[in-house]
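Spelled out from the first residue to the last, the chains are:
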Amino acid sequence: MRRLLTTLTTLTLAAALTVPVAGAQDLFDGGRIGGGSSQLIPPGLSLPGGELPETDQAVDLERYSGQWYQVAALPQPYTLQCARDTTAEYGVIDESTISVRNACGTLVGPGSVIEGTASVRSDASLRVNFPGVPFQDENGPVNYRVTHLAEDYSLSVVGDPNRLSGFVLSRTPNLSAEQWSQVRGIVESRGWNSCTFLTVPMAGGRGDVAPLCTL
């Protein structure tokens with residue numbers, strides 16, 4: 001466990017040195033972790049294993065809209081302000097655009113909130129953009145891909161195509177042991193190392209931070 005935490009810390013610090021950081025106003029106004037945005041990741045980086053596949057079913061935007069709880073995620077250096085209760089809320093603007101509102105609790109200061117939009121690029125891929133965040137290209141590549149979606153839209157696993165980000169979204173903050181086991185299997189089947197995904201402390205759910213591989 002100590003070796004794992006040391007590795008995660010090293011990776012986070014290394015990423016922080018290479019990833020452009022949003023303006024000072026975003027220190028407590030971010031929440032990007034809840035929406036799966038990877039727009040601050042330098043282009044060209046990727047993990048071995050090929051591109052993250054889309055889910056088999058086309059995403060119904062109306063059914064996908066509403067609030068999701070981010071119960072686990074691959075930590076991102078630009079969302080370190082998010083300590084607990086991370087959520088993402090989506091709404092349909094039109095057939096090709098959805099609204100995005102990411103929020104989370106912080107250790108100090110007010111809660112973190114950021115709002116933006118996402119453009120539909122395919123049956124299960126979006127481009128998420130947040131106004132005021134530097135280094136963005138609204139016409140840039142996909143940075144939000146649904147790779148798993150439960151038939152009843154109760155659980156979603158998303159990430160960027162290069163799998164440098166990953167997020168587990170649930171309609172409820174609490175998952176059973178059986179559901180956590182299912183999530184771990186999905187994450188691993190998509191080419192991620194489940195030990196790099198950490199649970200997110202959540203009111204009404206798990207209150208700790210634990211590697212997904214230990215659940």
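Looking at an unreviewed UniProt entry, one finds the chain named Lipocalin family protein, with Corynebacterium suedekumii as its source organism. Quoted verbatim from the Sequence similarities (unreviewed entry) field of the UniProt record, the comment on the chain reads "Belongs to the calycin superfamily. Lipocalin family."

This part is about the overall build of the chain. When you go through the chain residue by residue, the secondary structure sums to 3 helices and 9 strands. For the chain, the α and β elements follow one another from N to C terminus as α-α-β-β-β-β-β-β-β-β-α-β. Contacts in the chain between residues far apart in sequence, at least 24 positions, make up 60% of those at least 6 positions apart. Surface exposure of the chain reaches about 10200 Å², of which carbon and sulfur atoms provide 55%.

We now examine the pattern of salt bridges. All told, the structure shown has 5 salt bridges when counted by the stated rule. Between E51 and R145 there is a salt bridge, with the nearest N and O atoms lying 2.8 Å from each other. Note that E51 is positioned in the loop between α1 (2-18) and α2 (61-64) and R145 in strand β6 (residues 144-149), a separation of 94 residues in sequence. According to the relative accessible area criterion, E51 is exposed, its value standing at 55%. Look at R145 and you get buried, because its relative accessible area is 9%. Here R184 and E188 are joined by a salt bridge, their closest N and O atoms 3.1 Å apart. In this pair, R184 and E188 are both assigned in helix α3 (residues 177-189), 4 residues apart and thus about one turn of the helix distant. Residue class for R184 comes out partly exposed when judged on its relative accessible area of 28%. Residue classification places E188 among the partly exposed residues on the basis of a relative accessible area of 36%.

Parameters and conventions
Residues numbered from 1 in each chain as written. Predicted model: local features only at pLDDT ≥ 70, side-chain atom pairs only at ≥ 80, totals over all residues. Heavy atoms only, no water. UniProt positions renumbered as here; feature names shortened; annotations may be inferred. Helix = DSSP H or I, 4+ residues; strand = E, 2+ residues; numbered from the N terminus. Contact = heavy atoms within 4.5 Å. Areas by Shrake-Rupley, 256 points an atom, 1.4 Å probe, with all protein chains shown as cover. Salt bridge = Lys/Arg side-chain N within 4 Å of Asp/Glu carboxyl O. Buried < 20%, exposed > 50% of the residue type's maximum accessible area, 1.4 Å probe, protein only.

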